[in-house]
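Observations on the model geometry
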Amino acid sequence: MKEAGNTRQLYVDGKPFLILGGELGNSSASSEAWMEQLWPRLVALNMNTVLAPVYWELLEAEEGQFDFSLVDMLVRGARRHGLKLVFLWFGVWKNSMSCYAPLWVKTNTERFPRMKDSQGKSLEILSCFSEDVLAADIRAFRALLSHIRSIDSTEHTVIMIQVENEIGMIPCARDMSETANRLYNGPVPDLLLEALGREPSSASWEACFGADDHTAELFMAWHYARFVDRLASAGKEEYPLPMYVNAALNRDGLAPGEYPSAGPLPHLFPVWKAGAPAIDFLSPDIYFPDYKRRVLAYRREGNPVFVPENQLGPFNGDHAFFTVGACDAIGYSPFSVESQENPGESFLARAYAVLRGLSPIILAHQGAGKTAGILLENLAERDECTLGSWKLFFRQDRDWLPPSEPVPVGQERAGCLVIALEDDTFLLAGKGILVTFACSDSAGGIAGIAEIDEMFPDGGLLTRGRRLNGDQNHQGRHVHLTSDGFSVQRVRLYRYS
Ligand code: DGJ
């Protein structure tokens, strides 16, 4: 990963790379025959990267004996289909639980202790306080990274690793084991106090932060982060791929323990950043409808945005355009992408085709304040942005539809991205949006449209299509990205008084 202005970009083969991804359903990568049916679907979606799990239970079914056949199968398959891979390490934790731990781990609770609830009952969650749990996870993770290096350090098919999956504590806010209780009643580590802007202190967690579940969550987040940091550091010693962690976002109004708490959530950013410096960035899995708010919560403190999971739906293309434009994102990926109906005809495939063609241009403008992303999550929503000396106003092209009239599937949301190519010239790409213009206050004057050209992007080059004027721009009033698919237009503006 490398700095680019106010963000960081993912580099693959010496060049910045934009992930147009899709994550497989949890069990798909466990069978070669199953995957054989899926590859053509993934190709039809115009994806460039597949997010695929690697299962600890199958990688190390017998302690110390590693079976890399599924990893090799995925690498072979991805190469054959011109795709890159992000591996998801389903190790100690998967959605809070430890269901992917091998049976020799699950059955030996003496050696591999579980977290305990308030009654002292063991949960199906391996302890983040156990050196033996960490050592077992590290050994398998090291073996995986070392194997990837041995087969892929030239071709670079595997470009990134997700460490565990949706770490979180549920159904209680913290582990109540003896070890956890002892640490909870001991001092808060100086490193964390410093990260939170507090003075060093020997007081207990509750004395520092209060006696409630938020303190319990902070405590768990710190210990999860420290565990993950040692795991990721060990993996990077074998093969230094970029590594990230993903969060199951919390529903508003619930208390820690009612939601999977202590994961890399927005309110725990400082804890995870200080506790796990070996992790390159924190990522949101977004299954809530307020996509825009959820993703923007991860565009902070230099954290590059990557959405490894978004609910599969007709809106994925709009979300992808917004994420890339508004967040200078590394990439985007809907979950269970192989379930997309009519993959080749889908909005997602059409969005990815356009984004693929635009990628080099997008990447060249990232981190410089020259891009914007717009997502209109309902017909009435409007938005605006300022780029250089121009203001741009956005509304859905269907905002006149009477509420009684059903909106066609895929046209409920509208998304686009904007790139300022020159001071008076913008590239607008997306669907279902009308864009109007004004001069920003300091510049003065009235904004006029000098020309609009339809553009076809391919490998970062733009071929000019039709000159769009007359009915296509409402006689010079706006740019219209129509709602039937994703398109690209270049507009040049001028000023008059
Ligand atoms: C989020 C998880 O990270 C995925 O592995 C999967 O379980 C989905 N939820 C299911 O909706």
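Residues numbered from 1 in each chain as written. Predicted model: local features only at pLDDT ≥ 70, side-chain atom pairs only at ≥ 80, totals over all residues. Heavy atoms only, no water.

**Regarding the side chain of Asn246**
Residue placement: Asn246 occurs in strand 11 (residues 243-248). In this structure the side chain of Asn246 is engaged in a polar contact, spanning 2.8 Å, whose partner is the side chain of Asp285. Among residues more than four places away in sequence, those in contact with Asn246 are Gln162, Glu164, Asn165, Glu166, Ile167, Pro264, Ser283, Asp285, Pro308 and Glu309. (Helix = DSSP H or I, 4+ residues; strand = E, 2+ residues; numbered from the N terminus. Polar contact = N/O pair within 3.5 Å; in protein donor to acceptor, adjacent residues only side chain to side chain. Contact = heavy atoms within 4.5 Å.)

**Section: the domain arrangement of the chain**
Segmentation of the chain into domains returns domain 1 (2-369) and domain 2 (374-496). Distance between the C-alpha centres of domain 1 and domain 2: 35 Å. Applying the counting criterion to the domain 1 and domain 2 interface returns two salt bridges. Put simply, Glu381 and Lys292 hold a salt bridge, and the shortest N to O gap is 2.5 Å. (Domains from an automatic or database assignment. Salt bridge = Lys/Arg side-chain N within 4 Å of Asp/Glu carboxyl O.)

**Remarks on the layout of surface pockets**
Estimated volume of the largest pocket: approximately 340 Å³. Every residue lining the largest pocket is counted, 13 residues in all, and those nearest its centre are Pro16, Phe17, Ser359, Pro360 and Leu363. Among the elements that line the lining of the largest pocket, the one with the most residues is helix 13 (residues 347-365), at four residues. The residue makeup of the lining of the largest pocket, split by class, is six nonpolar, three polar and four charged. Considering only enclosed or pocket space, the second largest pocket measures out at about 270 Å³ in volume. Lining the second largest pocket are 17 residues, with Glu454, Arg466, Thr482, Ser487 and Gln489 positioned closest to its centre. When residues of the lining of the second largest pocket are traced back to their parent elements, those giving at least two are strand 21 (446-458) and strand 24 (487-496). With four residues, the single largest contributor to the lining of the second largest pocket is strand 21. (1 Å grid on protein atoms, 1.4 Å probe; cavity = no way out; pocket = protein on both sides within 12 Å on 5 of 7 lines; lining within 4 Å. Points joined across faces, edges and corners; volume = space filled by probe spheres on them. Nonpolar A, V, L, I, M, F, W, Y, C, P; charged D, E, K, R; others polar.)

**Remarks on empty space enclosed by the protein**
Tallied over the entire structure, the rule returns one cavity of 30 Å³ or more. Taken as a whole, the largest cavity spans an internal volume of roughly 30 Å³.

**Observations concerning the site of the ligand**
Residues in close proximity to the ligand include Asn26, Lys94, Asn95, Asn165, Glu166, Asp285, Tyr287, Glu309 and Phe335, which together make up its full environment. One of the side-chain N or O atoms of Asn165 is found 2.8 Å from an oxygen atom in the ligand. Within the side chain of Glu309, a nitrogen or oxygen atom sits 2.6 Å from an oxygen atom of the ligand. Surface burial for the ligand is 75%, taken as the share of its 290 Å² of free accessible area covered by protein chains. (Near = heavy atom within 4 Å. Areas by Shrake-Rupley, 256 points an atom, 1.4 Å probe, with all protein chains shown as cover.)

**Brief notes about a negative patch on the surface**
A grouping of Glu206, Asp212, Asp213 and Glu258 is seen on the molecular surface, where their side chains present a negatively charged patch. Along the chain, Asp212 falls in the loop between helix 8 (205-209) and helix 9 (213-238). For Asp212, a relative accessible area of 36% translates into the label partly exposed. (Patch = residues over 30% accessible without salt bridge, like charges linked within 9 Å, V, L, I, M, F, W, Y side chains within 5 Å. Lys, Arg positive; Asp, Glu negative; His and termini not counted. Charge placed at Lys NZ, Arg CZ, Asp CG, Glu CD. Buried < 20%, exposed > 50% of the residue type's maximum accessible area, 1.4 Å probe, protein only.)

**Some thoughts on a nonpolar patch on the surface**
Together, Ile446, Tyr494 and Tyr496 make up a nonpolar patch on the protein surface, roughly 280 Å² of accessible area in all. With respect to the secondary-structure elements, Tyr496 resides in strand 24.

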